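Commentary on secondary and tertiary structure
What follows is the residue order along each chain.
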Amino acid sequence: SKNGYSHFMMKEIYDQPTAIRETLCRRLDEKRHIQLDDIKLQKEDLDELNKIYIVACGTAYHAGLVGKYAIEKLARIPVEVDIASEFRYSDPFVDDKTLLIVVSQSGETADTLAALKEAKRKGARVLAITNVVGSSVAREADDLFYTWAGPEIAVASTKAYTAQLVAFYMLALHFANTKGTITDQEYVAYVDAIEGLGNKVEEILSQKETIEAVAKILVEATSAFYLGRGLDYTTAMEAALKLKEISYLHTEAFAAGELKHGTIALIEEGTPVLAIVTQERLAEKMISNMKEVKARGAYVIAIAKEGTPHIGHVADKIIEVPAVCDILMPILSVIPTQLLAYYTSTLKGLDVDKPRNLAKSVTVE
Ligand code: F6R
């Protein structure tokens, strides 16, 4: 049931603190070490690998982009990410030294399942991250990570996405710990930080009036842009997809540094530009990109980590996100973008839970 919420999507947005805690805490032993019972992959197997491929569709693909970043940074294994419908027809470089990680909320997406089978045929080991116990993807995989997000009913994915991010952080930590690429102190600090994310998500949810006010600006727009760099670019892609699919507002995501290679021509007086600014070493660069669009008339909305210097001078509106270490910021920065999509859709009087032309699970090619 909707549990008193007006729509499933809103309920599921509010389920996120619990989904994050469940996915992590039920797998911590008394020493606060991550125990992954359905992952059979041993140290020897990890040492044999020369590459990880992450393959998925839509929102799950965006989770994979964050997963690449976490695994490469913490466990130092090279990772490629591809869209399932591209991967399966691309004769990919996959062999018995490849680990394929498939990500699928439903576990029934046709292209993801076909990609899994193609990689297995080429000898790869398959690890599945899925939310549905006993789903097709779960049955075909060698190793399994269940996100414990609970059933997701709204077509637009929210809590499954944040739970997938938690899954990737946990896998990255588990691989890193097994391979010895991080210290015990770092390991413990990350586990603590992930555990604290639930409370920080709640802090963001309590700012929903500020976010609804920004949605009123988007309702009037004919197109919008999300910008980001590094992990914020990944969040920008996910944010743009969410806004498009439920509010039908044409939205594009851009790597902020690419703007002047073409897209900036589209900025007109009043065009909303949503800049995601959570990565400390990239913040200054983002601020200069915000200045560039503002000089062309853009209305600049910043979704920024609290305490980001100088942001108040360039943004017309700021949505602040609590601070955690940069690598974990995608879990927090995506929350306001989910609410923005939700409010833009409901303010337009659209069917948030069942947007036109879309099905929850795409079981045909
Ligand atoms: C967007 C959305 C879709 C799904 C995609 C994959 O909000 O929900 O992009 O993420 O269709 O679905 P699963 O994860 O079930 O394979």
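These numbers come from a predicted model, not from an experiment.

1. Digging into the sheet that holds strand β4 (residues 125–130)
The sheet built from five strands is open, its strands ordered β2-β1-β3-β4-β5 with parallel pairing. The open sheet terminates on both sides in strands that have one partner only, identified here as β2 (79–83) and β5 (143–146). Pairwise comparison of adjacent strand axes, ignoring direction, gives a mean angle of 20° for this sheet. Judged from the six bridges that link them, strand β3 (residues 98–104) and β4 form a sheet pairing that is parallel. Its bridge partner lying in β4, Leu99 is registered against Arg125. Along the sheet, helix α4 (residues 58–75) contacts β1 (51–56), β2 and β3; its crossing angle with β2, the most-contacted strand, is approximately 175°.

2. A word on the site of the ligand
The full set close to the ligand counts 13 residues, and Ser104, Gln105, Ser106, Thr109 and Glu245 are the nearest of them. Between the ligand and Ser104 there is a distance of 2.6 Å, counted from an oxygen atom to a side-chain nitrogen or oxygen. Contact with the protein chains covers 89% of the free accessible surface of the ligand, which is 400 Å². Elements supplying a minimum of two residues to the shell around the ligand: α4 and α12 (231–247). With three residues, the top contributor of residues to the shell around the ligand is α4. Each residue belonging to the shell around the ligand can be placed in one class, and the counts come to four nonpolar, seven polar and two charged.

3. A look at the pattern of salt bridges
Counted by the stated rule, this structure contains 24 salt bridges. The salt bridge partner of Lys159 is Asp15, with a shortest N-O separation of 3.0 Å. Separated by 144 residues along the polypeptide, Lys159 in helix α8 (residues 159–179) and Asp15 in the loop between α1 (8–14) and α2 (16–25) bring together distant segments of the chain. Given a relative accessible area of 18%, Asp15 falls into the buried group. Across the salt bridge formed by Glu238 and Lys242, the nearest N and O atoms sit 2.8 Å from each other. Within this pair, Glu238 and its partner Lys242 are both found in helix α12, separated by four residues, close to a single helical turn.

4. What to know about the nonpolar core
Core analysis: the biggest nonpolar cluster contains 92 residues, and Ile52, Ile71, Phe175, Tyr226 and Leu340 have the highest contact counts within it. For this core, the leading source of residues is α8, giving 12 residues. Setting aside residues up to four positions removed in sequence, Ile71 forms contacts with Ile52, Ile54, Arg76, Ile77, Val79, Ile101, Phe168 and Ala172. Judged by nonpolar contacts, the second largest core, of 21 residues, contains Leu227, Ile264, Ile267 and Ala298.

5. Looking at the packing of helix α11 (residues 208–219) against helix α15 (residues 329–347)
Packed helix pairs are specified by the crossing angle of their axes together with the interaxial distance, meaning the distance between the axes. One way to put it is that α11 packs onto α15 with a least axis distance of 8 Å and a crossing angle of 55°. The angle between α11 and α15 places the two elements in the oblique class. Remark: the crossing between α11 and α15 carries right-handed chirality. Listed contacts from α15 to Lys208, Ile211, Glu212, Val214, Ala215, Lys216, Leu218 and Val219 of α11 are Pro336, Leu339, Leu340, Tyr343, Thr344 and Leu347. Within the contact of α11 with α15, the residues separate by chemical class into 10 nonpolar, one polar and three charged.

6. Examining helix α13 (residues 283–295)
Each α-helix winds once per 3.6 residues, and so residues spaced three or four apart point in a common direction. If you check α13, its first and last C-alpha atoms are 18 Å apart, about what 13 residues at 1.5 Å a residue would give, namely 18 Å. Turning to α13, its buried residues number three or more, namely Ala283, Met286, Ile287, Asn289, Met290 and Val293. Projected onto a plane normal to the axis of α13, the buried residues spread over an arc of 160° and lie on a single side. For α13, exposure combined with an orientation more than 90 degrees from the buried face picks out Glu284, Lys291 and Ala295. For α13, the secondary structure elements touched by its buried residues are β6 (223–228), β8 (272–277), β9 (299–305) and α14 (311–314). At the exit of α13 stands Gly297, carrying a positive phi of roughly 105°.

Parameters and conventions
Residues numbered from 1 in each chain as written. Predicted model: local features only at pLDDT ≥ 70, side-chain atom pairs only at ≥ 80, totals over all residues. Heavy atoms only, no water. Pairing = 2+ DSSP bridges. Helix = DSSP H or I, 4+ residues; strand = E, 2+ residues; numbered from the N terminus. Axes fitted to C-alpha atoms, helices over the stretch in contact; angles between N-to-C directions. Contact = heavy atoms within 4.5 Å. Near = heavy atom within 4 Å. Polar contact = N/O pair within 3.5 Å; in protein donor to acceptor, adjacent residues only side chain to side chain. Areas by Shrake-Rupley, 256 points an atom, 1.4 Å probe, with all protein chains shown as cover. Nonpolar A, V, L, I, M, F, W, Y, C, P; charged D, E, K, R; others polar. Salt bridge = Lys/Arg side-chain N within 4 Å of Asp/Glu carboxyl O. Buried < 20%, exposed > 50% of the residue type's maximum accessible area, 1.4 Å probe, protein only. Core = buried A, V, L, I, M, F, W, Y, C linked by side-chain atoms within 4.5 Å. Parallel < 35°, antiparallel > 145°, perpendicular 65-115°, else oblique. Left-handed = near helix turned anticlockwise from the far one by under 90°. Expected span 1.5 Å × (residues − 1). Arc of directions from axis to C-beta.

Keep in mind that these numbers describe shape and distance, not what the molecule does.
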